[in-house]
Amino acid sequence: MAENSNIQQYEPGQVILRENAPGDSAYIILSGLVEVTKRIEGQPVVLVRLGPGSIFGEMSLLDGSPRSATATALEPTRVSVIDARRFNTIMQSIPREVRPLFSSLSERLRNTSRQVSALSLRERLLYSICRILTWLAATRGTAAGSGCVLGYRETLLELCRVLAFSEERIEQAVRDLAGSGLIRIEAGERPEESALFVDEPEQLTAFVEFLTERLAHIPGFPPPGRKFAVLSERAREALYYLKNQCGRLPRDAAGRCHYDFDRYVKEIVNGLGWGVKDAILKLQELAASGAVRLDKLSPLTEGKAIVYDAADITRAQTILLQAEDFEKTWRELLRREER
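We now turn to the structure provided with this report.

Looking at the packing of helix H8 (residues 233-245) against helix H9 (residues 261-272)
Inference 1: Running from amino to carboxyl end, H8 crosses H9 at an angle of 110°, the nearest separation of the two axes being 12 Å. Viewed along their axes, H8 and H9 adopt a mutual orientation that is roughly perpendicular. Handedness of the crossing formed by H8 with H9: right-handed. Two secondary-structure elements touch here, H8 through Glu237, Ala238, Tyr241 and Leu242 and H9 through Tyr264, Glu267, Ile268 and Leu272.
Inference 2: Classifying every residue of the contact of H8 with H9 gives six nonpolar, no polar and two charged.

So this is what it looks like as structure tokens:
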């Protein structure tokens, strides 16, 4: 696909395409590294870094909209340019009935971009810092007990470099994280001797997963299944109810209970006094969180069934408690940032 006449070379720091500028071409990276950034509340935020084989700038070709982000070469970079003519030639080879799918995909991607922009600067900053800290802990941390330690000063400078915020703003956010208990800071006799401890790397990683789910929902699209769903009060009641039924339900070869769907609705309506609609909605909430699975045809019930085991419920209860703690931590972090 990469014809010599369509290959361009960029030097480090050179802008390949700029946010909000008109666009009529896409790019395939042949060699080098490209950083994609977007201005959010006046600040440049790094969205992604792309290497050889990656494509960027394609949305403007699909829908004719202005560029949604800026792409800058970080090192000597060669790209193959797909202009409108080449793109139209490629599109002509695709069956006519399939072509509208590309516009639909483009619109969904634009919606995602708008959702990212809608996040407050405070949310983006805290989320980005947490995510980078998990990576630094895994790749550069020195073992310390069950966790790891990083140089405090070096970590601040790396965060400033990647996120393009002032050191004062970054340091305040990092100290807020330390106040939440997710990380720990120990001051040294000299600034360069201060250390940043991640005592529970798995906890910090789980918090990042929680934030990824919490901040990812796009208005107008169905909410995704969530590992860290904070369940409603009635969904929790349904969770405990299902756990108590395990002993009287048929089990498959893997040991999972199969609870006949219609029987569940009848029994939970009679046992807890709920309406049928409420019983079904709370079950769907549990299925979206991953606590149970809904099968359209179970060989054990010969119909629709709720499939789960006691371990699933126990795990869901543990995650629920963790999600509640993370929600409190997140709200407190946002309050700290507002002060």
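As for the sheet that holds strand S8 (residues 77-83)
Inference 1: Pairing in this open sheet of four strands is antiparallel, and the strands run S1-S8-S3-S6 from one edge to the other. Either end of the sheet is taken by a strand with one partner, and the two such strands are strand S1 (7-10) and strand S6 (55-56).

Thoughts on the side chain of glutamate 158
Inference 1: Locating glutamate 158 in the fold gives a position in helix H5 (residues 152-163).
Inference 2: The class for glutamate 158 is buried, based on a relative accessible area of 12%.
Inference 3: Not counting chain neighbours up to four residues away, the residues in contact with glutamate 158 comprise Leu136 and Arg140.

Some thoughts on H5
Inference 1: Across its twelve residues, H5 extends 16 Å between first and last C-alpha, which sits within 8% of the 16 Å expected from 1.5 Å per residue.
Inference 2: Where H5 is concerned, the buried positions are Tyr152, Thr155, Leu156, Glu158, Leu159, Cys160, Val162 and Leu163.

Quick notes on helix H10 (residues 276-289)
Inference 1: Across its 14 residues, H10 extends 20 Å between first and last C-alpha, which sits within 8% of the 20 Å expected from 1.5 Å per residue.
Inference 2: Among the residues of H10, those classed as buried are Ala279, Lys282, Leu283, Leu286 and Ser289. The buried residues of H10 occupy an angular sector of 120° when the element is viewed end-on, so they sit on one face.
Inference 3: Here the buried face of H10 lies against H8, H9, strand S14 (293-298) and strand S15 (303-308).
Inference 4: Residue glycine 290 follows H10 closely and has a positive phi angle near 90°.

Points about the packing of aromatic side chains
Inference 1: Taken as a whole and assessed by the stated rule, the structure comprises five aromatic pairs.
Inference 2: With a centroid separation of 5.3 Å and 70° between ring planes, the pair formed by phenylalanine 207 and phenylalanine 326 is classed as edge-to-face. Residue phenylalanine 207 is located in helix H7 (residues 201-216), and its partner phenylalanine 326 is located in helix H11 (residues 310-338); the two are separated by 119 residues in the primary sequence. Each member of the pair, phenylalanine 207 together with phenylalanine 326, is buried.

Section: the pattern of salt bridges
Inference 1: If you walk through the whole model with that rule in mind, you get 16 salt bridges.
Inference 2: In this structure, the salt-bridge partner of arginine 175 is glutamate 171, at a minimum N-O distance of 3.5 Å. On the criterion of helical spacing, the pair formed by arginine 175 and glutamate 171 is a turn pair, its members being four residues apart in helix H6 (residues 167-180).
Inference 3: Taking relative accessible area as the criterion, glutamate 171 reaches 24% and is therefore assigned partly exposed.
Inference 4: Salt-bridge contacts for arginine 293 lead to aspartate 295; the nearest nitrogen and oxygen are separated by 2.9 Å.
Inference 5: What emerges from the salt-bridge pattern is a single network uniting Arg184, Glu186 and Asp199.

Overview of the pairing of strand S7 (residues 70-73)
Inference 1: Residues Thr70 and Thr72 line one face of S7 and the alternating positions Ala71 and Ala73 line the opposite face, and both faces are buried.
Inference 2: In terms of strand pairing, strand S2 (residues 15-17) meets S7 through two bridges, oriented antiparallel. The residue bridging valine 15 from the neighbouring strand is threonine 72, located in S7.

Here we look at the state of the cysteines
Inference 1: Applying the stated rule across the entire model yields zero disulfides.
Inference 2: The thiol of cysteine 246 is not disulfide-bonded; the next cysteine sulfur, from cysteine 257, is found 3.8 Å away.

Remarks on the side chain of threonine 72
Inference 1: Positionally, threonine 72 belongs in strand S7.
Inference 2: Taking the relative accessible area as the measure of exposure, threonine 72 reaches 16% and is therefore buried.
Inference 3: Beyond its immediate sequence surroundings of up to four residues, threonine 72 is in contact with Gly13, Gln14, Val15, Ile16, Leu33, Val34 and Glu35.

Cut-offs used in this document
Per-chain numbering applies: the sequence of each chain, read as written, is numbered from 1 onward. A pLDDT threshold of at least 70 governs which residues receive local features in this predicted model, and a stricter bar of 80 or more applies before side-chain atom pairs are shown or counted, although totals over entire chains, interfaces and linings include all residues. To get the side-chain values, take all heavy atoms of the structure and skip hydrogens and water. Only the stretch in contact is used when fitting a helix axis, every axis being a line fitted to C-alpha atoms; angles between N-to-C directions are given from 0 to 180 degrees. Strands are runs of DSSP state E lasting at least two residues, helices are runs of H or I lasting at least four, and both sets are numbered from the N terminus onward. Each angle is binned into one of four classes, with values under 35 degrees roughly parallel, values over 145 roughly antiparallel, values of 65 to 115 roughly perpendicular, and all other values oblique. Working rule for handedness: look at the near helix, and if it is turned counterclockwise from the far one by less than a right angle, call the crossing left-handed; if clockwise, right-handed. Two residues form a contact once any of their heavy atoms are found within 4.5 Å. Residue polarity is assigned by list, with Asp, Glu, Lys and Arg as charged and Ala, Val, Leu, Ile, Met, Phe, Trp, Tyr, Cys and Pro as nonpolar; anything else, Gly included, falls into the polar class. Only when DSSP finds a minimum of two bridges between them are two strands counted as paired. The cut-offs for exposure are 20% and 50% of the maximum accessible area for each residue type, with area from a 1.4 Å probe on protein chains only; residues under the lower value are buried, those over the upper are exposed, and the others partly exposed. How far a helix is expected to stretch is found by multiplying one less than its residue total by 1.5 Å. Note that the arc is computed from the directions linking the helix axis to the C-beta atoms. Within 6.5 Å between ring centres, the rings of Phe, Tyr and Trp (the latter by its six-membered ring) count as paired, and their orientation is classed by plane angle as stacked under 30 degrees, edge-to-face over 60, tilted in between. Salt bridges are defined as contacts in which a side-chain nitrogen from Lys or Arg sits within 4 Å of a carboxyl oxygen from Asp or Glu. Two cysteine sulfurs form a disulfide in these notes if their separation is within 2.5 Å.

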